[in-house]
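# Understanding the architecture of this molecule
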Amino acid sequence: MIELKEVNKSFKRDQDTLKVLENISFTVEKGEILCILGASGSGKSTLLRLMGGFDFCDSGSISIGSEAVVSPSPDSILIFQDFNQLLPWKTVLQNVIYPMKVNKKYGSEQQRRDRAMEYLEMVQLADFYNAYPHQLSGGMKQRAAIARALALEPSILLMDEPFGSLDALTRQSLQELLLQIWKRAGVTIIFVTHDIQEAIILADRIIVMDNKPGRIKDIVQNSFDRPRDISGGDYLELYHRLYSMLSV
Amino acid sequence: MKNKKLIWILLLLALWQAVALSGRVSPLTFPSLGMILKALVSSIMAGELLSQTVFSLVIILEGLLIGTLLALVLAIVSRTGDTMNSFVDTLITLAHPLPGIALLPIIILWLGTGRSAIVFIIVHSVLWPLLLNIIAGFKATPKLYSDVGRNIGLRGIKLFYDIYMPSSLPYLISGFKIAWARSWRALISAEMVFGAVGGKGGLGWYIFKQRVFMDTAGMFAALLLIMLIGILIEEVFFNKIEKQTIRRWGMAEK
Ligand SMILES: Nc1ncnc2c1ncn2[C@@H]1O[C@H](COP(=O)(O)OP(=O)(O)OP(=O)(O)O)[C@@H](O)[C@H]1O
Ligand SMILES: [Mg+2]
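The structure contained in this document is the topic of the report that follows. As the structure is a computational prediction, the values presented were derived from the model and not from experiment.

This next bit is on the interface of chain B and chain A. With 19 residues of chain B at the contact, the number on the chain A side is 25 residues. Both faces combined, the contact of chain B with chain A buries some 1,900 Å², and carbon together with sulfur accounts for 62% of it. On the surface where chain B and chain A come into contact, there are one salt bridge. Summed over the shared surface of chain B and chain A, the result is 10 residue pairs in polar contact (both at pLDDT 80 or more). Where the side of chain B that touches chain A is concerned, the elements lending two or more residues are helix H7 (143–151) and helix H8 (156–167) of chain B.

What follows is the structure, given as structure tokens:
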């Protein structure tokens, strides 16, 4: 279980300070998919970085299990919003293998390699296993980063608008892939998006963020059965509810 | 690009030859290309030029190696905190502007005029530009890469080695190019001043000696050799390394 208690975070600017997150408290159950939905600049990435241990909050606490989060850990992998998170001096395949190797996972080098190829296949990048990151498009880099994170099988995945740069079809197939892996591995997923439909498809619960400063506006339960076909009528009500919350 | 360079070189050589054959200069001070080439071949055949060159190159490699190790250690030390950072910064500020040749009298006093004195000067001339470049490379490493590194569990020296080093490679390579050029200069001047130690004085000493013997063509032959080695290192060695690393990785235009 992940627990945030009264988390505050502000950034110093030239003269004043910018309050980015105010009084954020929520818990995430093990194995849950929690979506964080909010406008641009509402502090979603900042929140995810805090949960990953990359930055510190000004006050409040963040803990996983019973331990406070003090630094990043391979057990909770953050997929950054930025495209350039692959290491440019490694090929796509090496980028996926490398974290497993550092963490001495999955036995032999050959097993890691097979596993990496398997995940690259899942994100439809098998043909590019030998390419360097600078030879990929933005969306391809993002997919490779997703493969890298999934292949490591962390118990927590922090995903910052990972499908933001993808076309509708690729996005849909990756959403399905993520759900598959989630079902199989029981991983806990915190998924940042500003796409309402995506939140409805993926989430068990949806945190709607208020803007400036970022506050929790509401936490919405989403208990539709999976797989969810959002063209159906029941979803529309939830969609409008979330939409009106975001637009106020 | 490369072809253009070649054309310019050929033009300059032709110009040289034209001046040498014009009859307005003495072949004793301005030998023709033929004489220089002949001197080059014969001094190589005689063995002396090559053995002096090898002697010089070994010293340079030694100085580069020691300088690189020191630069790496100091660069890492400078990253361990503000105190150490300002210490290394101060060292650079004090030592970097000091030409190696200005240190000669003190070095002779401390180390004599032997091989170790030359190595010392080379280390001095290599260390500071390398250190500056390594530090610049570390500073230019995107936070995103170190975040990714920390996320997968890298810490401390492993983070340096696996993330900061490859990420600063463009800076490292340009640092090595500067270091290489500087070490040549330092070496040749030191050798000219120190003279031969136990029969071996290196290329600098060789050039100096040829002047004393008024073997102008032999002098130019040695200069030509220095240039050839320079071109070989610059165009072949560094070029190859860049092609296989930073250009291949799309990191070259930093
Ligand atoms: N390192 C930083 N230093 C200063 N200000 C920052 C920093 N990181 C974020 N901010 C500020 O915090 C606010 C929230 O940024 P954040 O990146 O968390 O938003 P976001 O919700 O992820 O937006 P988007 O949907 O556009 O990615 C912004 O106003 C931004 O300017
Ligand atoms: Mg963001």
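Having seen the model, we can carry on.
On to a negative patch on the surface, then. Among the surface-exposed residues, A:Asp114, A:Glu118, A:Glu121 and A:Asp127 lie close enough to one another that they form a single negatively charged patch. Its location among the elements puts A:Glu121 in helix H3 (residues 109–122).

Let us now look at the packing of aromatic side chains. Residue and element names in this part refer to chain A. All told, the structure shown has 13 aromatic pairs over all chains when counted by the stated rule. Summarising the aromatic geometry, the rings of Phe224 and Tyr235 are spaced 4.4 Å apart at their centres and angled 45 degrees between planes, so their arrangement reads as tilted. Taken as a pair, Phe224 in the loop between strand S10 (215–221) and helix H7 (233–247) and Tyr235 in helix H7 lie far apart in primary sequence, 11 residues in all. The class of Phe224 is partly exposed, set by a relative accessible area of 26%. Take Tyr235: its relative accessible area is 11%, and that puts it in the buried class.

Right, let's talk about empty space enclosed by the protein for a bit. This structure, assessed with the given rule, holds four cavities of 30 Å³ or more. Computed from the structure, the largest cavity encloses a volume of approximately 90 Å³. Taken together, 13 residues make up the lining of the largest cavity; nearest its centre are A:Ile77, A:Leu78, A:Arg148, B:Asn151 and B:Ile152. At the level of elements, strand S6 (76–79) and helix H4 (138–151) of chain A together with H7 of chain B are the ones that each hand at least two residues to the lining of the largest cavity. When the residues that make up the lining of the largest cavity are grouped by side-chain class, the tally is 10 nonpolar, two polar and one charged. Considering the residues around the second largest cavity, the lining is formed by A:Tyr119, A:Ala149, A:Leu150, A:Glu153, A:Pro154, A:Leu157, A:Ile181, A:Ala185 and A:Val187. Looking at the lining of the second largest cavity, the elements with two or more residues in it are H4 and helix H5 (168–185) of chain A. Partitioning the lining of the second largest cavity into residue classes produces eight nonpolar, no polar and one charged.

About the cut-offs
Residues numbered from 1 in each chain as written. Chains lettered and ligands numbered in written order. Predicted model: local features only at pLDDT ≥ 70, side-chain atom pairs only at ≥ 80, totals over all residues. Heavy atoms only, no water. Contact = heavy atoms within 4.5 Å. Buried area = accessible area lost by both parts, 1.4 Å probe. Salt bridge = Lys/Arg side-chain N within 4 Å of Asp/Glu carboxyl O. Polar contact = N/O pair within 3.5 Å; in protein donor to acceptor, adjacent residues only side chain to side chain. Helix = DSSP H or I, 4+ residues; strand = E, 2+ residues; numbered from the N terminus. Patch = residues over 30% accessible without salt bridge, like charges linked within 9 Å, V, L, I, M, F, W, Y side chains within 5 Å. Areas by Shrake-Rupley, 256 points an atom, 1.4 Å probe, with all protein chains shown as cover. Lys, Arg positive; Asp, Glu negative; His and termini not counted. Charge placed at Lys NZ, Arg CZ, Asp CG, Glu CD. Phe/Tyr/Trp six-rings, centres within 6.5 Å; stacked < 30°, edge-to-face > 60°. Buried < 20%, exposed > 50% of the residue type's maximum accessible area, 1.4 Å probe, protein only. 1 Å grid on protein atoms, 1.4 Å probe; cavity = no way out; pocket = protein on both sides within 12 Å on 5 of 7 lines; lining within 4 Å. Points joined across faces, edges and corners; volume = space filled by probe spheres on them. Nonpolar A, V, L, I, M, F, W, Y, C, P; charged D, E, K, R; others polar.

Scope: geometric values only; no functional claims are made or implied.
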